[in-house]
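# Secondary and tertiary structure notes
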Amino acid sequence: MNQSMRTQTTAVHGGIRKDDTFGAINEPIYMTSNYRIPTDGTPVDWSGTESNIYARNRNVNQMVLQDKLCALTGAEDCAIFASGVAALTGVFVPFLNTGDHVIVSEVCYSATNLLFRKYLPEKYNIEVTFVDSTDTEAIRTAIRPNTRLIHIETPGNPTTEISDIQAIATLAHSAGALLSIDATFAGPVSLFPLRLGADLEIHSMTKYINGHGDSLGGCVLGKKELLTQVKEIAMVNFGGILSPFNAWLIARGLVTLPMRMAQHSRVALAVAEFLEKSPAVRFVWYPGLESHPQHNRAKELMHGQYSGMIAFDIKGDERAHQQFLNELKLVTHAVSLGDIESLIVYYDKNSDKLPHYPQIFQDGFFRFSVGLEDAEDLIEDLQQAFLACNLI
Ligand SMILES: *Cc1c(COP(=O)(O)O)cnc(C)c1O
């Protein structure tokens, strides 16, 4: 493969293997749980991930996806899991030992929050400090002699905060800790945590990478030396492996990721600008808006593509919020994000996560995943819902 291919070309051609048996130009789906082992007396490494033995060690469709992700991000290696949460566990299990200390973004995915607030401290005596990770000094202050991992989400789910990955990487490394970045909200084609010094990059592939809302999946990217541990411990021996069929679906989705991200970013910026001007709106956060508190940092890190995730709120009581969700016609009230179609969820002010979010979010807000629709249609949908709710 040509090393200097551009992004969309890499998304098409990267990681493709040739079907030597029938000459199919699309990678077939290898629905096999086990592979023939050579009988030449070569010793077999039963936990190994370098040869085909059993589909939990390695499987062909997973390798295709893995190689495409490496080609797109420049990562040395990649491990594929059955969900984003399994990928997170694929980092937390291999690299944390009893008594280790972890620093985690205060704003983070609900399972990450629960793992670090409850399960890992209670079951394995992991010490945890939650910090506002946009504040690099707060991270410096939180570092202890036993800090082993700093785990950051950028942009943060659901509030879209941007942390200074490069500065945090320097801090982590001088403390002898690893830095892992959950970059699900950005996808792997506009933000490059590994190039900024992060050791491990994690994505829920359920979101932008697959993009079509028809499969769960997760991946961990980084240096081979670290990924060998991720694969051998978390993948082979904890077993959260992705099926060949789902790996094939996600590899298919990944082909159009650069084009989709460009459209998500373009449409979301137009929608965010509309929301910012609307008298119905209490506040809007989108990293591409100049009013976003870390806009300058986002500008440096995200190469002009700020993804499709917007957080905003309307001026209205609880009932108005429910009615607004009911009045939307194109936008669907549903969890998840990064889908071809626009999705919205409401975090009401009684949610137990809100006290950890920035002040402006604490009265409740919407997380809006802008899909691939035309901006004008989404804006008309929002506008008619504002009207129906007497917000304008
Ligand atoms: C969705 C999500 C996850 C979890 O991924 P699943 O595929 O649902 O298991 C992790 N991190 C972030 C930021 C997410 O948005």
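I will try to describe carefully the structure that is included in this document. Model, not experiment: these values are computed from the prediction.

Okay, helix α6 (residues 165-174) next. When α6 is considered as a whole, its buried residues turn out to be Ile165, Ile168, Ala169, Leu171 and Ala172. Within α6, the buried residues cover an arc of 165° as seen down the axis, which keeps them to one side. Exposed residues on α6 whose side chains face more than 90 degrees from its buried face are Thr170 and Ser174. Residues of α6 that are buried in the fold lie against α5 (136-142), β4 (147-153), β5 (178-182) and α10 (295-301). At the exit of α6 stands Gly176, carrying a positive phi of roughly 75°.

Within the secondary structure layout, Pro279 lies in the loop between α9 (257-277) and β8 (281-285). Overall, Pro279 belongs to the exposed group, its relative accessible area being 53%. Sequence separation between Pro279 and Lys315 is 36 residues, and the spatial gap between their C-alpha atoms is 8.4 Å. Apart from the residues within four sequence positions on either side, Pro279 is in contact with Lys315 and Ile392.

Pairing is mixed across the open sheet formed by five strands, whose spatial order is β8-β9-β12-β11-β10. A strand with exactly one partner marks an edge of an open sheet, and here the two such strands are β8 and β10 (332-333). Here four bridges tie β8 to strand β9 (residues 309-314), and the two strands are oriented antiparallel to one another. Residue pairing for β9: Val284 is matched across the bridge by Phe312. This element, α9, spans β8, β9 and β12 (365-369) of the sheet and lies at about 20° to β9.

Right, let's talk about the pattern of salt bridges for a bit. Taken as a whole, this structure holds eight salt bridges when the rule is applied. One salt bridge connects Glu127 with Arg144, and the closest N-O pair in it is separated by 2.7 Å. Remark: Arg144 occurs in the loop between α5 and β4 and Glu127 occurs in strand β3 (residues 127-131); sequence separation between them is 17 residues. Put simply, Glu50, Asp77, Lys224 and Lys231 are held in one network by salt bridges that share partners.

This part takes up the sheet that holds β4. An order of β1-β7-β6-β5-β4-β2-β3 is seen for the seven strands of this open sheet, with the pairing classed as mixed. Either end of the sheet is taken by a strand with one partner, and the two such strands are β1 (77-81) and β3. Neighbour-to-neighbour, the strand axes of this sheet turn through a mean angle of 20°, independent of strand direction. Inspection of the sheet shows strand β2 (residues 101-105) paired to β3 by five bridges, in the parallel sense. Residue pairing across strands places Ser105 opposite Val131, the latter belonging to β3. Relative to the sheet, helix α3 (residues 84-95) contacts β1, β4, β5, β6 (200-204) and β7 (218-222), its axis offset from that of β6 by approximately 155°.

The subject of this paragraph is the site of the ligand. Close to the ligand lie 14 residues, the nearest being Gly84, Asp182, Ser204, Thr206 and Lys207. Taking Gly84, its main chain carries an N or O atom lying 2.8 Å from an oxygen atom of the ligand. Taking Ser204, its side chain carries an N or O atom lying 2.8 Å from an oxygen atom of the ligand. For the ligand, the accessible surface in isolation is 380 Å², of which the surrounding protein chains cover 93%. Among the elements that take part in the shell around the ligand, α3 stands out by supplying three residues, more than any other. For the shell around the ligand, the residue count by class is four nonpolar, seven polar and three charged.

So, about the nonpolar core. Membership of the largest hydrophobic core comes to 54 residues, with the highest contact counts inside it found for Leu179, Leu275, Ile310, Phe312, Phe324 and Phe386. In terms of residues, this core owes the most to one element, α9, which gives six residues. Counting contributing residues per domain, this core is built from domain 1 (7-254) and domain 2 (257-388), each supplying no fewer than three. Of all hydrophobic cores here, the second largest spans 27 residues; its members include Ala86, Ala87, Leu120 and Met235.

Conventions and cut-offs
Residues numbered from 1 in each chain as written. Predicted model: local features only at pLDDT ≥ 70, side-chain atom pairs only at ≥ 80, totals over all residues. Heavy atoms only, no water. Buried < 20%, exposed > 50% of the residue type's maximum accessible area, 1.4 Å probe, protein only. Helix = DSSP H or I, 4+ residues; strand = E, 2+ residues; numbered from the N terminus. Arc of directions from axis to C-beta. Contact = heavy atoms within 4.5 Å. Pairing = 2+ DSSP bridges. Axes fitted to C-alpha atoms, helices over the stretch in contact; angles between N-to-C directions. Salt bridge = Lys/Arg side-chain N within 4 Å of Asp/Glu carboxyl O. Near = heavy atom within 4 Å. Polar contact = N/O pair within 3.5 Å; in protein donor to acceptor, adjacent residues only side chain to side chain. Areas by Shrake-Rupley, 256 points an atom, 1.4 Å probe, with all protein chains shown as cover. Nonpolar A, V, L, I, M, F, W, Y, C, P; charged D, E, K, R; others polar. Core = buried A, V, L, I, M, F, W, Y, C linked by side-chain atoms within 4.5 Å. Domains from an automatic or database assignment.

Any link to function would need more than the numbers given here.
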